[in-house]
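One-letter residues, chain by chain:
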Number of protein chains: 2
Amino acid sequence: MIHTIAPRSGVAFELKRGELLKVIDPMGEQVADLVAFNRHDIGEAISSGRSIDYASRIYLSTGDPIYSNRSGIMLLIREDTVGRHDFLLSPCSAEMFRIIYGDAHPHRGCFGNLAAALAPHGVQPDAIPTAFNVFMNVPIDARTGAIRVEPPLSAAGDYITFEAQMDLLIGLTACSAGQSNNFSYKPIQYEVSAGA
Amino acid sequence: MIHTIAPRSGVAFELKRGELLKVIDPMGEQVADLVAFNRHDIGEAISSGRSIDYASRIYLSTGDPIYSNRSGIMLLIREDTVGRHDFLLSPCSAEMFRIIYGDAHPHRGCFGNLAAALAPHGVQPDAIPTAFNVFMNVPIDARTGAIRVEPPLSAAGDYITFEAQMDLLIGLTACSAGQSNNFSYKPIQYEVSAGA
(Lines give C-alpha, C1' and ligand atoms only; values in the text may rest on other atoms or scores of the structure.)
Protein backbone atom coordinates (compact mmCIF):
# COMPACT_ATOMS: atom_id res chain seq x y z
CA MET A 1 0.00 0.00 0.00
CA ILE A 2 1.42 3.33 -1.08
CA HIS A 3 0.82 6.29 1.24
CA THR A 4 0.89 9.88 0.07
CA ILE A 5 2.22 12.74 2.19
CA ALA A 6 0.55 15.95 1.09
CA PRO A 7 2.74 18.92 0.08
CA ARG A 8 4.31 20.75 3.04
CA SER A 9 3.19 18.17 5.61
CA GLY A 10 4.63 15.26 7.56
CA VAL A 11 3.79 11.94 9.21
CA ALA A 12 5.12 9.57 11.86
CA PHE A 13 4.82 5.77 11.84
CA GLU A 14 6.45 2.65 13.19
CA LEU A 15 8.85 0.58 11.13
CA LYS A 16 9.73 -2.85 12.49
CA ARG A 17 13.18 -4.40 12.33
CA GLY A 18 13.62 -6.07 8.94
CA GLU A 19 10.86 -4.08 7.24
CA LEU A 20 11.57 -2.05 4.13
CA LEU A 21 10.67 1.61 3.76
CA LYS A 22 10.51 2.85 0.16
CA VAL A 23 10.39 6.64 -0.22
CA ILE A 24 9.17 7.68 -3.65
CA ASP A 25 9.27 11.02 -5.44
CA PRO A 26 6.05 10.75 -7.48
CA MET A 27 6.46 13.93 -9.54
CA GLY A 28 10.20 14.58 -9.42
CA GLU A 29 12.38 17.26 -7.77
CA GLN A 30 10.82 16.89 -4.32
CA VAL A 31 12.63 16.42 -0.99
CA ALA A 32 11.57 14.29 2.01
CA ASP A 33 13.14 14.88 5.42
CA LEU A 34 13.55 11.62 7.31
CA VAL A 35 14.30 11.14 11.02
CA ALA A 36 14.29 7.90 13.01
CA PHE A 37 14.22 6.99 16.69
CA ASN A 38 14.61 3.70 18.52
CA ARG A 39 10.98 2.65 19.03
CA HIS A 40 11.75 1.34 22.52
CA ASP A 41 14.02 4.19 23.68
CA ILE A 42 13.56 7.49 21.89
CA GLY A 43 16.80 8.86 23.34
CA GLU A 44 18.48 6.98 20.48
CA ALA A 45 18.13 8.82 17.15
CA ILE A 46 19.87 9.05 13.80
CA SER A 47 23.18 10.91 13.88
CA SER A 48 24.55 12.78 10.92
CA GLY A 49 27.86 13.25 12.72
CA ARG A 50 28.42 9.56 13.35
CA SER A 51 27.06 8.36 10.00
CA ILE A 52 29.31 10.72 8.02
CA ASP A 53 32.30 9.91 10.25
CA TYR A 54 31.95 6.13 9.84
CA ALA A 55 31.26 6.32 6.09
CA SER A 56 34.03 8.92 5.58
CA ARG A 57 31.62 10.45 3.06
CA ILE A 58 28.91 13.11 3.26
CA TYR A 59 26.82 11.66 0.40
CA LEU A 60 25.30 8.32 1.42
CA SER A 61 23.71 5.82 -0.98
CA THR A 62 23.14 2.10 -1.57
CA GLY A 63 24.91 -0.05 1.02
CA ASP A 64 25.51 2.74 3.52
CA PRO A 65 24.28 2.46 7.11
CA ILE A 66 22.61 5.29 8.97
CA TYR A 67 23.97 5.22 12.52
CA SER A 68 22.45 6.48 15.74
CA ASN A 69 23.93 8.77 18.38
CA ARG A 70 24.83 5.50 20.18
CA SER A 71 26.58 4.12 17.08
CA GLY A 72 23.86 1.56 16.47
CA ILE A 73 22.87 0.93 12.87
CA MET A 74 19.27 2.13 12.51
CA LEU A 75 18.74 1.90 8.74
CA LEU A 76 20.56 0.42 5.77
CA ILE A 77 20.12 1.91 2.31
CA ARG A 78 19.19 -1.04 0.10
CA GLU A 79 18.26 0.66 -3.19
CA ASP A 80 18.69 4.19 -4.47
CA THR A 81 17.80 5.32 -7.98
CA VAL A 82 19.01 8.90 -7.37
CA GLY A 83 22.29 8.78 -5.44
CA ARG A 84 22.21 12.31 -4.10
CA HIS A 85 20.81 13.13 -0.68
CA ASP A 86 21.79 15.57 2.06
CA PHE A 87 22.74 14.79 5.65
CA LEU A 88 24.15 18.17 6.67
CA LEU A 89 21.17 20.46 7.11
CA SER A 90 18.50 20.73 9.78
CA PRO A 91 14.86 20.41 8.72
CA CYS A 92 13.48 23.69 7.40
CA SER A 93 11.67 25.62 10.13
CA ALA A 94 9.88 28.87 10.90
CA GLU A 95 13.19 30.19 12.27
CA MET A 96 14.99 29.18 9.07
CA PHE A 97 12.40 30.88 6.88
CA ARG A 98 12.82 34.03 9.00
CA ILE A 99 16.63 34.00 9.11
CA ILE A 100 17.40 33.00 5.50
CA TYR A 101 14.35 34.26 3.59
CA GLY A 102 13.16 37.08 5.86
CA ASP A 103 9.59 35.72 5.95
CA ALA A 104 7.44 37.72 8.35
CA HIS A 105 4.82 34.96 8.70
CA PRO A 106 6.79 31.81 8.02
CA HIS A 107 5.51 28.29 7.49
CA ARG A 108 6.34 25.91 10.34
CA GLY A 109 8.37 23.89 7.87
CA CYS A 110 9.50 20.29 8.09
CA PHE A 111 10.65 20.94 11.65
CA GLY A 112 7.17 21.99 12.75
CA ASN A 113 5.59 19.15 10.77
CA LEU A 114 7.93 16.59 12.34
CA ALA A 115 7.42 18.05 15.82
CA ALA A 116 3.63 17.78 15.45
CA ALA A 117 3.73 14.26 14.01
CA LEU A 118 6.22 12.98 16.61
CA ALA A 119 4.71 14.67 19.69
CA PRO A 120 2.12 11.91 20.31
CA HIS A 121 5.06 9.47 20.47
CA GLY A 122 6.82 11.46 23.18
CA VAL A 123 9.50 13.09 21.02
CA GLN A 124 10.22 16.66 22.10
CA PRO A 125 11.12 19.30 19.47
CA ASP A 126 14.62 19.70 20.99
CA ALA A 127 15.27 16.03 20.27
CA ILE A 128 14.66 16.27 16.51
CA PRO A 129 18.08 15.69 14.95
CA THR A 130 19.58 16.78 11.65
CA ALA A 131 17.44 14.86 9.16
CA PHE A 132 18.49 12.54 6.38
CA ASN A 133 17.17 14.76 3.60
CA VAL A 134 16.08 12.31 0.91
CA PHE A 135 16.61 13.60 -2.66
CA MET A 136 18.00 16.93 -1.37
CA ASN A 137 20.80 18.15 -3.61
CA VAL A 138 23.43 20.17 -1.75
CA PRO A 139 26.69 20.59 -3.68
CA ILE A 140 29.74 21.93 -1.85
CA ASP A 141 32.60 24.13 -2.95
CA ALA A 142 35.53 22.13 -1.61
CA ARG A 143 37.81 25.16 -1.28
CA THR A 144 35.53 27.57 0.57
CA GLY A 145 33.10 25.07 2.07
CA ALA A 146 30.19 27.05 0.57
CA ILE A 147 27.04 25.00 0.05
CA ARG A 148 24.21 25.56 -2.40
CA VAL A 149 20.71 24.07 -2.34
CA GLU A 150 19.91 23.00 -5.91
CA PRO A 151 16.94 21.19 -7.45
CA PRO A 152 16.90 17.46 -6.64
CA LEU A 153 18.26 15.06 -9.24
CA SER A 154 15.15 12.89 -8.80
CA ALA A 155 12.69 12.40 -11.68
CA ALA A 156 9.10 11.20 -11.31
CA GLY A 157 9.09 7.67 -9.89
CA ASP A 158 12.59 7.69 -8.47
CA TYR A 159 12.96 6.13 -5.03
CA ILE A 160 15.21 5.05 -2.20
CA THR A 161 14.62 1.96 -0.03
CA PHE A 162 15.77 1.60 3.58
CA GLU A 163 15.82 -1.59 5.65
CA ALA A 164 15.20 -1.10 9.37
CA GLN A 165 17.93 -2.62 11.57
CA MET A 166 15.92 -2.15 14.77
CA ASP A 167 12.32 -1.31 15.66
CA LEU A 168 11.97 2.34 14.72
CA LEU A 169 9.74 5.36 14.95
CA ILE A 170 10.02 7.23 11.65
CA GLY A 171 9.25 10.86 10.92
CA LEU A 172 8.89 11.73 7.22
CA THR A 173 7.86 14.87 5.35
CA ALA A 174 7.13 16.33 1.96
CA CYS A 175 9.57 19.22 2.34
CA SER A 176 8.29 22.77 2.79
CA ALA A 177 11.34 24.72 1.59
CA GLY A 178 11.02 26.21 -1.85
CA GLN A 179 14.71 26.19 -2.61
CA SER A 180 15.07 22.45 -1.97
CA ASN A 181 12.31 21.42 -4.41
CA ASN A 182 12.82 23.99 -7.18
CA PHE A 183 9.97 26.18 -5.84
CA SER A 184 7.23 23.68 -6.52
CA TYR A 185 5.69 22.07 -3.44
CA LYS A 186 4.82 18.48 -4.24
CA PRO A 187 3.79 15.32 -2.38
CA ILE A 188 6.01 12.44 -1.31
CA GLN A 189 4.96 8.80 -1.29
CA TYR A 190 6.12 5.90 0.86
CA GLU A 191 5.51 2.21 1.14
CA VAL A 192 6.29 -0.18 4.00
CA SER A 193 6.79 -3.84 3.15
CA ALA A 194 8.10 -7.00 4.77
CA GLY A 195 11.79 -7.62 4.17
CA ALA A 196 13.34 -10.52 2.25
CA MET B 1 44.51 32.91 33.55
CA ILE B 2 45.32 30.24 30.99
CA HIS B 3 44.04 26.74 31.73
CA THR B 4 45.61 23.63 30.26
CA ILE B 5 43.58 20.56 29.23
CA ALA B 6 45.84 17.50 29.44
CA PRO B 7 46.18 15.29 26.33
CA ARG B 8 43.15 13.03 25.71
CA SER B 9 41.02 14.66 28.42
CA GLY B 10 38.19 17.16 28.70
CA VAL B 11 36.61 19.77 30.96
CA ALA B 12 33.31 21.57 31.49
CA PHE B 13 32.85 25.14 32.71
CA GLU B 14 30.43 28.03 32.65
CA LEU B 15 30.79 30.93 30.24
CA LYS B 16 28.67 33.99 30.91
CA ARG B 17 26.99 36.05 28.23
CA GLY B 18 29.49 38.58 26.87
CA GLU B 19 32.55 36.68 28.08
CA LEU B 20 35.27 35.65 25.64
CA LEU B 21 36.58 32.10 25.34
CA LYS B 22 39.99 31.82 23.69
CA VAL B 23 40.98 28.28 22.67
CA ILE B 24 44.72 28.00 22.06
CA ASP B 25 46.76 25.27 20.38
CA PRO B 26 49.98 25.54 22.43
CA MET B 27 52.11 23.10 20.42
CA GLY B 28 50.38 23.03 17.00
CA GLU B 29 48.36 20.40 15.12
CA GLN B 30 45.98 19.63 18.00
CA VAL B 31 42.18 19.52 17.90
CA ALA B 32 39.70 20.62 20.59
CA ASP B 33 36.09 19.42 20.47
CA LEU B 34 33.73 22.12 21.72
CA VAL B 35 30.07 21.73 22.72
CA ALA B 36 27.82 24.31 24.38
CA PHE B 37 24.49 24.23 26.19
CA ASN B 38 22.19 26.98 27.45
CA ARG B 39 23.25 27.27 31.10
CA HIS B 40 19.64 27.73 32.20
CA ASP B 41 18.04 25.08 29.96
CA ILE B 42 20.34 22.31 28.78
CA GLY B 43 17.79 21.15 26.19
CA GLU B 44 19.23 23.94 24.03
CA ALA B 45 22.58 22.98 22.50
CA ILE B 46 24.76 23.90 19.53
CA SER B 47 23.46 22.64 16.20
CA SER B 48 25.74 21.83 13.31
CA GLY B 49 22.72 21.43 11.01
CA ARG B 50 21.32 24.90 11.74
CA SER B 51 24.68 26.68 11.85
CA ILE B 52 25.76 25.29 8.47
CA ASP B 53 22.32 25.98 6.98
CA TYR B 54 22.23 29.62 8.08
CA ALA B 55 25.87 30.30 7.09
CA SER B 56 25.47 28.38 3.79
CA ARG B 57 29.00 27.19 4.48
CA ILE B 58 30.49 24.17 6.25
CA TYR B 59 33.71 25.94 7.27
CA LEU B 60 33.00 28.63 9.87
CA SER B 61 35.42 31.36 10.91
CA THR B 62 35.61 34.99 12.11
CA GLY B 63 32.19 36.65 12.17
CA ASP B 64 30.17 33.46 11.97
CA PRO B 65 27.55 32.59 14.60
CA ILE B 66 27.13 29.14 16.11
CA TYR B 67 23.41 28.53 16.39
CA SER B 68 21.47 26.27 18.73
CA ASN B 69 18.84 23.65 17.94
CA ARG B 70 16.33 26.46 18.73
CA SER B 71 18.02 28.84 16.27
CA GLY B 72 19.42 30.99 19.06
CA ILE B 73 22.93 32.35 18.60
CA MET B 74 25.07 30.73 21.30
CA LEU B 75 28.57 31.83 20.28
CA LEU B 76 30.11 34.30 17.83
CA ILE B 77 33.57 33.69 16.41
CA ARG B 78 35.46 36.93 17.07
CA GLU B 79 39.04 36.00 16.09
CA ASP B 80 40.51 33.02 14.30
CA THR B 81 44.17 32.72 13.32
CA VAL B 82 43.65 29.34 11.60
CA GLY B 83 40.45 29.48 9.56
CA ARG B 84 39.87 25.76 9.27
CA HIS B 85 37.65 23.87 11.70
CA ASP B 86 35.19 21.00 11.34
CA PHE B 87 31.49 20.98 12.20
CA LEU B 88 30.48 17.70 10.52
CA LEU B 89 31.84 14.94 12.72
CA SER B 90 30.76 13.58 16.08
CA PRO B 91 33.30 13.57 18.89
CA CYS B 92 35.62 10.55 18.73
CA SER B 93 34.36 7.75 20.94
CA ALA B 94 35.04 4.15 21.99
CA GLU B 95 32.54 3.07 19.31
CA MET B 96 34.33 5.14 16.67
CA PHE B 97 37.73 3.66 17.61
CA ARG B 98 36.18 0.17 17.33
CA ILE B 99 34.33 0.81 14.03
CA ILE B 100 36.97 2.80 12.15
CA TYR B 101 40.25 1.60 13.71
CA GLY B 102 39.26 -1.87 14.96
CA ASP B 103 40.59 -1.14 18.47
CA ALA B 104 39.80 -4.02 20.83
CA HIS B 105 40.23 -1.89 23.97
CA PRO B 106 39.42 1.60 22.76
CA HIS B 107 39.94 4.89 24.57
CA ARG B 108 36.68 6.57 25.61
CA GLY B 109 37.59 9.44 23.33
CA CYS B 110 36.29 13.01 23.37
CA PHE B 111 32.76 11.67 23.66
CA GLY B 112 33.57 9.82 26.90
CA ASN B 113 35.56 12.77 28.19
CA LEU B 114 32.71 15.19 27.42
CA ALA B 115 30.12 12.83 28.94
CA ALA B 116 32.14 12.58 32.17
CA ALA B 117 32.79 16.32 32.39
CA LEU B 118 29.19 17.28 31.61
CA ALA B 119 27.44 14.64 33.76
CA PRO B 120 27.65 16.70 37.00
CA HIS B 121 25.78 19.45 35.13
CA GLY B 122 22.93 17.13 34.19
CA VAL B 123 23.83 16.56 30.53
CA GLN B 124 23.13 12.99 29.43
CA PRO B 125 25.44 11.30 26.88
CA ASP B 126 22.56 11.06 24.36
CA ALA B 127 22.32 14.86 24.42
CA ILE B 128 25.92 15.50 23.35
CA PRO B 129 25.63 16.99 19.87
CA THR B 130 28.01 17.05 16.92
CA ALA B 131 30.84 19.16 18.27
CA PHE B 132 32.43 22.25 16.79
CA ASN B 133 35.82 20.64 16.24
CA VAL B 134 38.27 23.50 16.70
CA PHE B 135 41.36 23.27 14.44
CA MET B 136 40.14 19.97 12.91
CA ASN B 137 41.01 19.84 9.22
CA VAL B 138 38.49 17.85 7.17
CA PRO B 139 38.76 18.47 3.43
CA ILE B 140 35.98 17.21 1.16
CA ASP B 141 35.98 15.84 -2.36
CA ALA B 142 33.14 17.85 -3.87
CA ARG B 143 32.30 15.25 -6.50
CA THR B 144 32.11 12.10 -4.35
CA GLY B 145 31.52 13.72 -0.97
CA ALA B 146 34.47 11.76 0.46
CA ILE B 147 36.05 13.36 3.52
CA ARG B 148 39.59 13.01 4.84
CA VAL B 149 40.88 13.86 8.30
CA GLU B 150 44.19 15.65 7.82
CA PRO B 151 46.63 17.30 10.25
CA PRO B 152 45.35 20.64 11.56
CA LEU B 153 46.61 23.82 9.92
CA SER B 154 47.30 25.29 13.37
CA ALA B 155 50.86 26.09 14.46
CA ALA B 156 52.00 26.60 18.07
CA GLY B 157 50.21 29.58 19.56
CA ASP B 158 47.35 29.72 17.06
CA TYR B 159 43.95 30.41 18.57
CA ILE B 160 40.25 31.07 18.05
CA THR B 161 38.13 33.37 20.23
CA PHE B 162 34.39 32.96 20.81
CA GLU B 163 32.04 35.49 22.43
CA ALA B 164 29.16 33.98 24.39
CA GLN B 165 25.76 35.31 23.31
CA MET B 166 23.94 33.72 26.26
CA ASP B 167 24.96 32.11 29.56
CA LEU B 168 26.52 28.81 28.54
CA LEU B 169 27.80 25.52 29.82
CA ILE B 170 30.86 24.62 27.72
CA GLY B 171 32.44 21.20 27.18
CA LEU B 172 35.97 21.29 25.74
CA THR B 173 38.58 18.60 25.07
CA ALA B 174 42.12 17.95 23.92
CA CYS B 175 41.12 15.50 21.22
CA SER B 176 41.89 11.80 21.61
CA ALA B 177 41.84 10.72 17.95
CA GLY B 178 45.27 10.14 16.42
CA GLN B 179 44.20 10.95 12.90
CA SER B 180 42.88 14.39 13.81
CA ASN B 181 46.13 15.56 15.48
CA ASN B 182 48.73 13.91 13.23
CA PHE B 183 49.20 11.05 15.74
CA SER B 184 50.67 13.15 18.48
CA TYR B 185 48.39 13.65 21.49
CA LYS B 186 48.94 17.13 22.85
CA PRO B 187 47.28 19.51 25.33
CA ILE B 188 44.87 22.33 24.57
CA GLN B 189 44.75 25.64 26.42
CA TYR B 190 41.90 28.04 27.03
CA GLU B 191 41.33 31.40 28.64
CA VAL B 192 38.10 33.05 29.72
CA SER B 193 38.02 36.85 29.88
CA ALA B 194 35.52 39.66 30.21
CA GLY B 195 34.25 40.97 26.89
CA ALA B 196 34.79 44.47 25.53
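Remember, it's a predicted structure, so these values are computed and weren't measured experimentally. (Residues numbered from 1 in each chain as written. Chains lettered and ligands numbered in written order. Predicted model: local features only at pLDDT ≥ 70, side-chain atom pairs only at ≥ 80, totals over all residues. Heavy atoms only, no water.)

Here's the deal with the pattern of salt bridges
Taken as a whole, this structure holds 16 salt bridges over all chains when the rule is applied. Note that R70 of chain A is salt-bridged to D41 of chain A, the shortest N-O span being 3.0 Å. Of the two residues, R70 of chain A is situated in the loop between β6 (65-67) and β7 (73-80) and D41 of chain A in strand β5 (residues 41-45); the sequence distance between them amounts to 29 residues. Since its relative accessible area comes to 33%, R70 of chain A is described here as partly exposed. Among the residues examined, D41 of chain A registers a relative accessible area of 33% and is labelled partly exposed. Linking E14 of chain B and R39 of chain B is a salt bridge whose minimum nitrogen-to-oxygen distance equals 3.0 Å. Here E14 of chain B is found in strand β2 (residues 10-15), whereas its partner R39 of chain B is found in the loop between β4 (32-38) and β5 (41-45), with 25 residues between them in sequence. Residue classification places E14 of chain B among the partly exposed residues on the basis of a relative accessible area of 41%. For R39 of chain B, a relative accessible area of 27% puts it in the partly exposed group. If you follow the salt bridges from partner to partner, you end up with D41, E44 and R70 of chain A together with D126 of chain B in one network. (Salt bridge = Lys/Arg side-chain N within 4 Å of Asp/Glu carboxyl O. Helix = DSSP H or I, 4+ residues; strand = E, 2+ residues; numbered from the N terminus. Buried < 20%, exposed > 50% of the residue type's maximum accessible area, 1.4 Å probe, protein only.)

Structural notes on the UniProt feature "domain: DUF1989" (unreviewed entry) in chain A
If you check UniProt for "domain: DUF1989" (unreviewed entry), the listed places come out as residues 3-169 of chain A in our numbering. End C-alpha atoms of residues 3-169 of chain A are separated by 16 Å, and the span's content is 16% helix alongside 30% strand. (UniProt positions renumbered as here; feature names shortened; annotations may be inferred.)

Comments concerning the sheet that holds strand β11 (residues 188-193) of chain A
Residues and elements named next belong to chain A. Pairing is antiparallel across the open sheet formed by 6 strands, whose spatial order is β1-β11-β3-β9-β7-β6. Two strands bound the open sheet, and with one partner strand each, they are β1 (2-5) and β6. Strand-to-strand twist in this sheet, taken as the mean axis angle between neighbours without regard to direction, amounts to 25 degrees. Here β7 runs beside strand β9 (residues 158-164); their pairing, made up of 5 bridges, is antiparallel. (Pairing = 2+ DSSP bridges. Axes fitted to C-alpha atoms, helices over the stretch in contact; angles between N-to-C directions.)

Concerning the packing of helix α1 (residues 48-55) of chain A against helix α2 (residues 94-101) of chain B
Closest axis-to-axis distance for the α1 of chain A/α2 of chain B pair is 10 Å, and the angle between their directions is 25 degrees. Classified by the interaxial angle, the pair formed by α1 of chain A and α2 of chain B is roughly parallel. Crossing hand, α1 of chain A versus α2 of chain B: right-handed. Taking contact as the criterion, the partners of R50, D53 and Y54 of chain A in α1 of chain A are, on α2 of chain B, E95, M96, I99 and I100 of chain B. (Parallel < 35°, antiparallel > 145°, perpendicular 65-115°, else oblique. Left-handed = near helix turned anticlockwise from the far one by under 90°. Contact = heavy atoms within 4.5 Å.)

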